[in-house]
Every structure is written in C-alpha cells, then in structure tokens.
Amino acid sequence: MKRIILTAALLAVFAAGAQAQERVWTLSQCIDHALDNSLRVKQGELGVEQKEISLNTAENSRLPGVSASSGQNFSFGRGLTADNTYANTNTTSTSFSVGADVPVFNGFRIKHNIELSKLDLQAATADLEKARDDIRVAVAQAYVQILYNMEILDVARSQVEIDSMQVVRLTEMAANGLSSRAEVSAQEATLAQSRVSVTQAENNVALAILDLTQLLELPSPTGFHIARPSVEGLEGAMLMSPEAIYAEAVEVKPNVKAEEVRLDYALRSIDLAKSSFLPTISLSGGLGTNFYTSSGFPHSGFMDQIKNNFSQYVGLNLNVPIFTRFSNRNQVRNAQLSFNNQEIALENTKKSLYKEIQQAYYNAVGSQAKYRSSLVAADSAEDAFELAQAKYENGKSGITEFNEAKGRYISAESNLVQARYEYLYQSKILDFYRGKDLNF
C-alpha cells in the first residue's frame, strides 16, 4: 500500500513538472525568468551587497574604538629590583587595560569616505541595471529569432502542401493520359526537396529554442513554446528622430548613470586627497592595573595590587603634516587626472550611446521600408502564383512555369516574414532606449 501511494505521489510530481514546462511563454515572461536566474545578474546583486557593507563600515568609522588587553610576563636572571638595585631574581607581571579612542577631527576624511562609499553603491547599482538591460536585449533577440524561424517553417510547410496536391493531381492526370510520368517524377522530386526544407526549418526552430532556453537557464528545451505577438499596424508606425530618442535615453540608461556617478566619485576623491594637508586630532582614554612579584622580595596580594595599581589616562593627540615628501601633493594630482579621465569616459559613453541610437534608428527606417515593400511584393507574388496555378490547372501552362511562380511566391513570403520581425525588433529597441519595457 505504501509503495502504491509513493508511486502515485511521484507520478503527480512528474505530471506537475511536465505541466509547468508545457506552457506558452511570452517575451515578458522570458525576460522576467532570465533576470531571476541569470548568474551574471546574481553576481551583480552580490556586488551591490558588498558595496552596502562598505558603506556601513564607512558610516561606523565615526564611532569610538574600544579595546581590552591583558598580558602575562615572566623575567629570569639579573634585573632591576624595587629598591633600584640589580640582583638575580625571577619576576612576574600581570597587566589588564581597557582603552578607547575617538576621532575628533581628521581633515574631513570620514565625511569624504562616506560620500565616496555612497557613490560606489550607486555605481554598482547602475552597473547591475546595465547587466539586466543586456539580458533583456539578448532574450528579445533570441525570441525574435524563434519567431522568424517559426514563420519560415510555416512557409515551408505550406510549400509541401502545395507540392503534395500537385503530385496527386499530376498522378491522376497521368492515369488518364493527360500528363507524362516524367512530369509526375519531376513534381515528386520537388516535393521531396520541399520536405527537406521543412526538416531544415524545424531544425532551425529547435536550435533557436535551445538558445533561448539556455539564456533562461532552463534545464531542457523540451515542451518550451513561445507566443506569437500581433504585428498589425506596423507599417503605419511613426519613428522618433535619433536626437529626440537620445535626449530621453541619456537621462535613463544605466550605463550613462554609472559613468556620471563615477565622475562625481572622482571629483570627491580630489577633496579626499586634499584633506591629507589638514591636521588630525584624536581623543584617547583608558583604564589599567597590574600585579607584580619578584622572588626574594615581599609583595602585596593579587587583589590589593590590582586595587592599588589602578590607573586612568586621557590624551589628546594632534598631528600636523609639515613635509610628506610631496606625497600629498601627488595624491591630489593623481585624483585630478582621474577626474579628467572620467570626464572623457563619460563623454565617450554618451557618444557611444548616440551612435547606437543612430544605428538602431536607421536600421528601423530601413526595416520599415523593407517591410512595406515586402508587403506589396508578397501580395503581387501571391496574385501571380494564383494566376499561374489557375493556368496550370486549366492546362494553359506547364509545370515549370507553375514551379517558378510558386518559388517566387515562397521567396516573397519568406522575405516578408524576415522584414516583419526585423522591423518589429528594431522599433521596440528604439522604445527600449527611451526607457520603455522591451515587450511585444
């Protein structure tokens, strides 16, 4: 009975797992799953946590430091006695102390370090978002590739259906003496080639699905399916200018934000370097006591000495840098050079972003024009194919003319599919640069 129950439970688990895998994934679901399971994103999240710990350490540096210590010393042989003479004695000394130090003024170093740690955390957060953006784009590319390959597969299957019908028709005509066996064989060869195209298209779909499931960190592509988005109204969409897209992108893209934060970091690092010229003041204090024995000499008991030797101290320390072999000056110079270098890095990032947007814009313009012309070409090719098919079925044209029309029609449909998803992807990438979600 227990074995039956266990078997039923295992079957239920496997069935639930199969149902979880057998579902249709939208692009939004794929992106969310990839972000939740990406190792690169997880590394970025750990990096952000490390920066948070560093910030906490910098903020706590304002607090006083407290430490306790104890020591036990043994001395053998000739040494100084309590009456200031030397003798061969064995001595022991036990000490206890507690001390504390408080930074009163250290040239604003603590303040600057806290500000730098905050900026470091902001930069790490922006880098994490940049990694997420890269994942989103990679998933969208893989998703569109599957869509394209699926459409090509549909076209190839349609071609097989058309060729299969023609084989049946020619076979019937040959049986009635209206067609030759050579024509039947030629059409059968065409059908075989069409089936090869279907096999290749199916393999391309499988490979594209494998690529996407690997991005999603799924254990297997088995049972994975994607939803086909609506592509209506694409030909009438209006594209914003590259300048307008860039004006929005430069305010929201995380890679620009990260470089801006690093520029602020470099500027504040100059202030930190300059603080080395300022004096530092620290306050310290502590408590201590000890127990001492010397062989051959009388000594008080442990508790009496601990009580009688109890002492306290308070100290105020001032450190003024006068000449540091020009190291402080050189630190300021290096900080200034780092700031100048980061200015260039920020400008380079902005220029690279603008170039990317320009390329994406002209790709979108080109793919839009290609899509519109492909629509016209596909309609014309379909009309021509239908006419050629009618002529062929009425015996007014041969199989060669029919196959040529069919080939042009299939080619036009393939070009339309490619142009449709290319334009869909390029237009959505432009919206993504503006800070919108990458979804269709």
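Conventions we followed
- Residues numbered from 1 in each chain as written.
- Predicted model: local features only at pLDDT ≥ 70, side-chain atom pairs only at ≥ 80, totals over all residues.
- Heavy atoms only, no water.
- Helix = DSSP H or I, 4+ residues; strand = E, 2+ residues; numbered from the N terminus.
- Rg over C-alpha atoms; globule rule 2.2 N^0.38 Å.
- Buried < 20%, exposed > 50% of the residue type's maximum accessible area, 1.4 Å probe, protein only.
- Contact = heavy atoms within 4.5 Å.
- Areas by Shrake-Rupley, 256 points an atom, 1.4 Å probe, with all protein chains shown as cover.
- Lys, Arg positive; Asp, Glu negative; His and termini not counted.
- Charge placed at Lys NZ, Arg CZ, Asp CG, Glu CD.
- Expected span 1.5 Å × (residues − 1).
- Salt bridge = Lys/Arg side-chain N within 4 Å of Asp/Glu carboxyl O.
- Patch = residues over 30% accessible without salt bridge, like charges linked within 9 Å, V, L, I, M, F, W, Y side chains within 5 Å.
- Core = buried A, V, L, I, M, F, W, Y, C linked by side-chain atoms within 4.5 Å.
- Pairing = 2+ DSSP bridges.
- Axes fitted to C-alpha atoms, helices over the stretch in contact; angles between N-to-C directions.
- Phe/Tyr/Trp six-rings, centres within 6.5 Å; stacked < 30°, edge-to-face > 60°.
- Lys NZ or Arg CZ within 6 Å of the ring centre and 35° of its normal.

Asker: Can you break down the overall build of the protein residue by residue, with the values?
Answerer: Check the secondary structure of the protein and you find ten helices and eight strands. For a compact globule of 440 residues, the expected C-alpha radius of gyration is about 22 Å, and the protein comes in at 40 Å, more than 25% above that figure. C-alpha extents for the protein along the principal axes are approximately 140 × 70 × 35 Å. Of all 440 residues assigned to the protein, the portion counted as buried reaches 35%. Sequence separation of 24 or more characterises 82% of the internal contacts of the protein that already satisfy a separation of 6 or more. Here the protein displays about 25700 Å² of accessible surface, and carbon together with sulfur accounts for 55% of that area. Averaging the coordinates of the 41 positive side-chain charges in the protein and doing the same for the 49 negative ones gives two points 8 Å apart.

Asker: Let's hear about helix α9 (residues 327-393): which residues, and what values?
Answerer: Across its 67 residues, α9 extends 94 Å between first and last C-alpha, which sits within 8% of the 99 Å expected from 1.5 Å per residue. Positioned one or two residues after α9, Gly395 has a phi angle of 75°, which is positive.

Asker: Residues and numbers for the pattern of salt bridges, please.
Answerer: Here the structure, examined in full by the defined rule, presents 22 salt bridges. Put simply, Glu115 and Arg268 hold a salt bridge, and the shortest N to O gap is 2.9 Å. Here the residue Glu115 occupies a position in helix α4 (residues 109-175), and Arg268 occupies one in helix α7 (residues 254-274), the gap between them amounting to 153 residues. Residue Arg268 is classed as partly exposed on the basis of its relative accessible area, which comes to 28%. Salt bridges here are not isolated pairs; linked through shared partners, they connect Glu45, Glu129, Arg132, Asp133, Arg136 and Lys253.

Asker: I'd like a description of a nonpolar patch on the surface, backed by residues and values.
Answerer: Together, Leu318, Val320, Ile322, Phe323 and Phe326 line one region of the surface with nonpolar side chains, adding up to about 610 Å² of accessible area. Following the sequence through the fold, Phe326 ends up in the loop between β8 (311-319) and α9. Exposure remark for Phe326: the relative accessible area of 46% places this residue in the partly exposed category.

Asker: Can you break down the nonpolar core residue by residue, with the values?
Answerer: Membership of the largest hydrophobic core comes to 85 residues, with the highest contact counts inside it found for Val139, Leu212, Leu216 and Phe224. The element best represented in this core is α4, accounting for 21 residues.

Asker: Hey, could you go over the side chain of Asp163 for me, with residue numbers and the actual values?
Answerer: Of note, Asp163 is situated in helix α4. Classification of Asp163 as buried rests on a relative accessible area of 0%. Not counting residues up to four positions away in its chain, the partners in contact with Asp163 are Gln187, Thr190, Leu191, Ser194 and Lys406.

Asker: So, the sheet that holds β8: which residues are in play, and what are the values?
Answerer: Pairing between the strands of a sheet comes from backbone hydrogen bonds, and it takes one of two forms, parallel or antiparallel. The four strands lie next to each other as β2-β5-β7-β8, forming an open sheet whose pairing is antiparallel. Each edge of the open sheet carries a strand with a single partner, namely β2 (65-75) and β8. Strand-to-strand twist of the sheet, defined as the mean angle between neighbouring strand axes without regard to direction, takes the value 20°. Sheet analysis places β2 next to strand β5 (residues 91-105), joined by eleven bridges and oriented antiparallel. The partner of Ser75 across the bridge, within β5, is Thr91.

Asker: So, the packing of aromatic side chains: which residues are in play, and what are the values?
Answerer: Counting across every chain of the model gives eight aromatic pairs. Taking 5.4 Å as the distance between ring centres and 35° as the angle between the ring planes, the aromatic pair formed by Trp25 and Phe224 counts as tilted. With a gap of 199 residues between them, Trp25 in strand β1 (residues 23-25) and Phe224 in strand β6 (residues 224-226) connect regions that are remote in the sequence. For the pair Trp25 and Phe224, one class covers both residues: buried. Residue placement shows Lys253 over the ring face of Phe432; its charged tip is 4.2 Å from the ring centre.

Asker: With reference to specific residues and values, describe the environment of Val66.
Answerer: Topologically, Val66 is positioned in strand β2. For Val66, a relative accessible area of 63% corresponds to the exposed category. Measuring from C-alpha to C-alpha, the distance between Val66 and Val98 comes to 7.4 Å, with 32 residues separating the pair along the chain. The contact partners of Val66, leaving out residues within four places of it in the chain, are Val98, Gly99 and Ala100.

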